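Residues per chain are reported as follows:
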Amino acid sequence: MTGYAIPKLRVQDADIPGIGFGTSSLGDCAQIVATALKLGYRHIDTAWKYGSERGVGEGMRASGIPRGEIFLCTKVSHEYLRGDDFARSVDESLANLGVDFIDLLLVHWPNPEIPLREPMTALAKAKRQGLARQIGVANFNIALLDEAISLCPEPLVNLQAECHPYIDQRKLLDACRARGIVFTAYCPLARGRLLRDPVLADIAARNDRSLAQVALRWLVQQGNIVPIPRSSNPARMTENLAIFDFTLTEDEMKRIGGLKRADGRIADPAGRAPAWD
């Protein structure tokens, strides 16, 4: 254990740890996930589409950390948003993970070919059945988020989307705050692109911190944002947790916020991505 005190964000009746561990592209990640949990992570993010669910489940068991202390998120892929397909996907994820319930279940991407009412009804059903403690969506724009809220019989607590200094997500962040929804930030380090940024390097040097720590601190200091960095390096994993014991100045926050650029978005798959806000 690192001993870092990780704050939690309270929404509805859920306490979401203020930083998570991402597993996209990590594949057979059992040892990595076990290490992350032993270091102090308590929020693990996976998805059926990542192919990492089995590794996540094995890593959870190998870590020795009680299931009740782990906040586990997985997602139903856009191919499986029709009612029966959705239910089968949830069952498969539970089997892959080797758990009885998911703490947070998300629709991974919208699918314009499937009316949103279908996955929202299935998502609510999974919660009512006790298969998911909390529910939400990922990669939705504001219009889709509002439609999802109106169609879902159970409250949504989370929206997950790409967020880092190179992309302007202020409108979406404000929309989540206004609707009482926690924002989870994936690709918080822009898949490493931030780690050569001269502005971040200067701020990092002034604070005696790494560039990654500064970028992650910028996110959490805005409030209502949970970053989910990904790494297979234990030293980096430890470093990424150590972001709650320092504060960026108002000027530093503004300088980092000024890094947004038109070509900053990374995840933008044709045919799946909505019209971004």
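Below is a summary of the structure that appears in this document.

Cut-offs used in this document
- Along every chain, residues carry numbers that run from 1 in the direction the sequence is written.
- The predicted origin of the model limits local features to residues at a pLDDT of at least 70 and limits the giving and counting of side-chain atom pairs to 80 or more, whereas totals for whole chains, interfaces and linings rest on all residues.
- Hydrogens and waters are ignored; side-chain quantities use all the structure's heavy atoms.
- Exposure is judged per residue with a 1.4 Å probe applied to protein chains only, and the accessible area is read against the type maximum: over 50% gives exposed, under 20% gives buried, and values in between give partly exposed.
- What counts as a helix is a DSSP run of H or I of at least four residues, what counts as a strand is a run of E of at least two, and both are numbered from the N terminus.
- The directions from the helix axis to the C-beta atoms are what the arc is built from.
- Between two residues, a contact is recorded if the distance between any of their heavy atoms is within 4.5 Å.
- Ring geometry is summarised as follows: Phe, Tyr and Trp rings, the Trp one being its six-membered ring, pair when their centres sit within 6.5 Å, and such pairs are stacked at plane angles under 30 degrees, edge-to-face over 60 and tilted between the two.
- By definition here, charges over rings are those cases where NZ of Lys or CZ of Arg is within 6 Å of the ring centre and within 35 degrees of the ring normal.
- For our purposes a nonpolar core is just a set of buried Ala, Val, Leu, Ile, Met, Phe, Trp, Tyr and Cys residues, chained together by side-chain atoms within 4.5 Å.

## Observations concerning helix α10 (residues 250-257)
Then, number 1: The complete set of buried residues in α10 reads Glu-252, Met-253, Ile-256 and Gly-257. The buried side chains of α10 occupy one side of the element, clustering within an arc of 135° when seen end-on. Those residues of α10 that are exposed and aimed more than 90 degrees away from the buried face are Glu-250 and Lys-254.
Then, number 2: If you follow the buried residues of α10, they end up packed against α7 (198-207) and α8 (211-221).

## Remarks on the packing of aromatic side chains
Then, number 1: According to the stated counting rule, one finds three aromatic pairs in the structure shown.
Then, number 2: Taken together, a centroid distance of 5.0 Å and an interplanar angle of 85° make the contact between Trp-48 and Tyr-80 edge-to-face. Of this pair, Trp-48 sits in the loop between β4 (43-45) and α2 (53-63) while Tyr-80 is found in the loop between β5 (71-76) and α3 (83-97), placing the two residues 32 residues apart along the sequence.
Then, number 3: For Trp-48, a relative accessible area of 22% corresponds to the partly exposed category.
Then, number 4: According to the relative accessible area criterion, Tyr-80 is partly exposed, its value standing at 27%.
Then, number 5: A cation over a ring is seen here: Arg-217 above Phe-246, with NZ or CZ 6.0 Å from the ring centre.
Then, number 6: Positioned above the aromatic ring of Trp-276, the side-chain terminus of Arg-265 is 4.0 Å from the ring centre.

## Structural notes on the nonpolar core
Generally speaking, nonpolar side chains in soluble globular proteins are found buried as a group.
Then, number 1: Among the nonpolar cores identified, the biggest contains 80 residues, and Phe-86, Leu-105, Met-120, Val-137, Leu-159 and Phe-183 are the most heavily contacted of them.
Then, number 2: Here this core gets eight residues from one element, more than from any other, and that element is α8.
Then, number 3: Once you skip the residues sitting within four places of it in the chain, Leu-105 turns out to touch Thr-74, Val-76, Phe-86, Val-90, Leu-123, Ala-126, Ala-132, Gln-134, Ile-135 and Gly-136.
Then, number 4: In this structure, Val-11, Ile-16, Cys-73 and Leu-104 belong to the second largest nonpolar core, which totals twelve residues.

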